[in-house]
Structures are given as structure tokens and as C-alpha cells.
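Close look at the chain arrangement
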Amino acid sequence: GENVEQHPSTLSVQEGDSAVIKCTYSDSASNYFPWYKQELGKRPQLIIDIRSNVGEKKDQRIAVTLNKTAKHFSLHITETQPEDSAVYFCAATSGNTPLVFGKGTRLSVIA
Amino acid sequence: DVKVTQSSRYLVKRTGEKVFLECVQDMDHENMFWYRQDPGLGLRLIYFSYDVKMKEKGDIPEGYSVSREKKERFSLILESASTNQTSMYLCASSLSGGGLTGELFFGEGSRLTVL
């Protein structure tokens, strides 16, 4: 089955700097890669996703890149703000089985 | 707005007790899921259901069962609670279009402590 590895497990950045979180997956059939954000005490929520027919997707300060050959994808947050502090989860699926999540990255943005 | 409601935010139970965690969604989603969240282990799938009365095991089904008698309701059952089932339990739902690539909508979670 699918296995998703996520790094780093914790990340601290200064406000205004960029943050990058990386994930690798094992199943070459996976074709959908979402990212979920979970603020402290809140439910996880989808912030961006990418499908295997594109290599990059942007939404304001957030971007996701996908390298299918290497089987890895990354979340990029630019101009970080304190409200970006949260736990971020990557996930992968082929669509035939449920999402498999990475173990999460705790991002702290220091003002 | 999609609303996924979990019946209890906090529960404290004794070892050996039978525990029911209820989840209701109001957007007519076909798929429903139960995840367990533990620090450093991420979100692990216990069971999921893609239709009424249908259920499929996830990655960690041992010690759990589920029930889906109505489309909007998905229940997680711990037949005999044990201390290693102390955790945060998250319910989620999604539309079935596109298989299992639909956005997951999560409930607020049920924090279970087993003493």
C-alpha cells in the first residue's frame, strides 16, 4: 500500500521568511496530493491540492510542487505570518483507496 | 457550509467499557471516515464507508467496529475500551465524485481518555 513520509516534523521560521515542507510517496499510481492545515484545537482543513497532470499550483502565498519521477511533492509558504503557525499534513491517493497522510509538520512562525 | 458533527468532544471511560462515538454530516456525502490522531503519528485511518451499510477496514481497525445505518451517520464502536485507545478521534466525510479524491471535511474531534 501507499506510504507517505513527511519532513521535517517541526519547523521554526521568522515572520516574513519562507517555509518548505517535503513529502515523498511510494505508490506510483497515486495521482492526488492534498495538503491539510490544522490550527491548535481546530479540525484539519484542506488548503491546497495538486493532481498528477500538473507540476505546480499556486494560491496566493501558498504553492505546491510535484515531481512524479522522484515521487515527491512539497508545500511552499512565502512571507510567513503568525497565523500560518499550525500543523500541516500532506497526503496521497490513487483515488481507489483513502488518503494516506504523512505524520505532520508543526510550523511555528516567530514574530 | 458542510457540517460534520461529532457527538462528544471529551469522554472519559473505564477499561473494558463499550464506547460509542457518533458522527453526523449534513451534506449528503457518500464517503465517511474515522481517523485516529496521536502526536507524532499523524492521522491514521481506522474504518471508512462509501455507502450505507458498507464498511471497509483502514490501517488500524483492530479493537474497533463501525456502523452506518443511515447515509448521514457513521458510528465508531470500541467493544471493550483499553488504555491504548486513549486518543483523539476524527470523523470526516467527502463526496464520492472522483473516487476517493474528494475534499475531506472533518469534525472537531472526540478526545477519549480510557482509565
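Please refer to the structure placed before this passage.
Right, let's walk through the structure included here. (Residues numbered from 1 in each chain as written. Chains lettered and ligands numbered in written order. Predicted model: local features only at pLDDT ≥ 70, side-chain atom pairs only at ≥ 80, totals over all residues. Heavy atoms only, no water.)

It is worth spelling out unusual backbone geometry at this point. Residues H7 of chain A and P8 of chain A are joined by a peptide bond in cis, for which omega reads -5°. You can see P8 of chain A is positioned in the loop between β1 (4–7) and β2 (10–14). In the Ramachandran plot, D28 of chain B falls in the positive-phi region, its phi being about 60° despite a non-glycine side chain. Topologically, D28 of chain B is positioned in the loop between β3 (19–25) and β4 (31–38). Positive phi is not limited to glycine here, since K53 of chain B has a value of about 65°. (Helix = DSSP H or I, 4+ residues; strand = E, 2+ residues; numbered from the N terminus.)

Moving on, we come to the interface of chain A and chain B. At the junction of the two partners, chain A supplies 18 residues and chain B supplies 20 residues. Overall, the association of chain A and chain B removes approximately 1600 Å² of surface from exposure, summing both partners, and the carbon and sulfur fraction of that is 58%. Ranking the residues of chain A by area buried against chain B places R43, P98 and F101 of chain A at the top, with a combined share of 35%. For the pair chain A and chain B, the interface holds one salt bridge. Here chain A and chain B share six residue pairs in polar contact (both at pLDDT 80 or more) between them. It is strand β4 (residues 32–38) of chain A that contributes the most residues to the side of chain A that touches chain B, three residues altogether. A class-by-class count of the residues in the side of chain A that touches chain B yields eight nonpolar, seven polar and three charged. (Contact = heavy atoms within 4.5 Å. Buried area = accessible area lost by both parts, 1.4 Å probe. Salt bridge = Lys/Arg side-chain N within 4 Å of Asp/Glu carboxyl O. Polar contact = N/O pair within 3.5 Å; in protein donor to acceptor, adjacent residues only side chain to side chain. Nonpolar A, V, L, I, M, F, W, Y, C, P; charged D, E, K, R; others polar.)

Moving on, we get to the state of the cysteines. All names here are of chain B. Scanning the entire structure with this criterion turns up two disulfides over all chains. Between the sulfur atoms of C23 and its disulfide mate C91 the distance is 1.9 Å. An S-S torsion of about -80° defines the bridge between C23 and C91 as left-handed. In this pair, C23 sits in strand β3 while C91 sits in strand β9 (residues 87–94), placing the two residues 68 residues apart along the sequence. (Disulfide = S-S within 2.5 Å.)

Moving on, we get to the environment of A81 of chain B. All names here are of chain B. The topology assignment puts A81 in the loop between β8 (73–78) and β9. Spatially, the C-alpha atoms of A81 and Y64 are 9.1 Å apart, while their sequence positions differ by 17 residues. Residues in contact with A81, not counting those within four places in the same chain, are R14, T15, G16, E17, V19 and V114.

With that out of the way, let us pick up the nonpolar core. By size, the foremost hydrophobic cluster in this structure holds 23 residues, and its most contacted members are W35, F73 and L107 of chain A. Secondary-structure elements contributing two or more residues to this core are β2, β3 (19–25), β4, β5 (45–51), β7 (62–67), β8 (72–77), β9 (86–92) and β11 (105–110) of chain A. F73 of chain A has contacts with I21, K22, C23, Y25, F33, W35, T65, L66, C90 and A91 of chain A, leaving out every residue within four places of it along the chain. Of all hydrophobic cores here, the second largest spans 20 residues; its members include Y47, V66, F74 and L112 of chain B. (Core = buried A, V, L, I, M, F, W, Y, C linked by side-chain atoms within 4.5 Å. Buried < 20%, exposed > 50% of the residue type's maximum accessible area, 1.4 Å probe, protein only.)

In this approach a probe as big as a water molecule rolls over the atoms, and the regions it shows empty are the leftover space. The computed volume of the largest pocket comes to approximately 670 Å³. In terms of lining, the largest pocket is formed by 30 residues, of which the most central are Q38, V87 and R106 of chain A together with Q37 and P39 of chain B. Per-element accounting of the lining of the largest pocket gives the leading share, four residues, to β11 of chain A. For the lining of the largest pocket, the class distribution of residues is nine nonpolar, 13 polar and eight charged. Of the volumes computed, that of the second largest pocket is approximately 410 Å³. Around the second largest pocket, the lining comprises 19 residues; the ones closest to its centre are E2, N3, V100 and F101 of chain A together with D59 of chain B. Of all elements in the fold, only β1 and β10 (100–101) of chain A together with β5 (42–49) of chain B reach the threshold of two or more residues within the lining of the second largest pocket. Ranked by residues supplied to the lining of the second largest pocket, first place goes to β1 of chain A with four residues. (1 Å grid on protein atoms, 1.4 Å probe; cavity = no way out; pocket = protein on both sides within 12 Å on 5 of 7 lines; lining within 4 Å. Points joined across faces, edges and corners; volume = space filled by probe spheres on them.)

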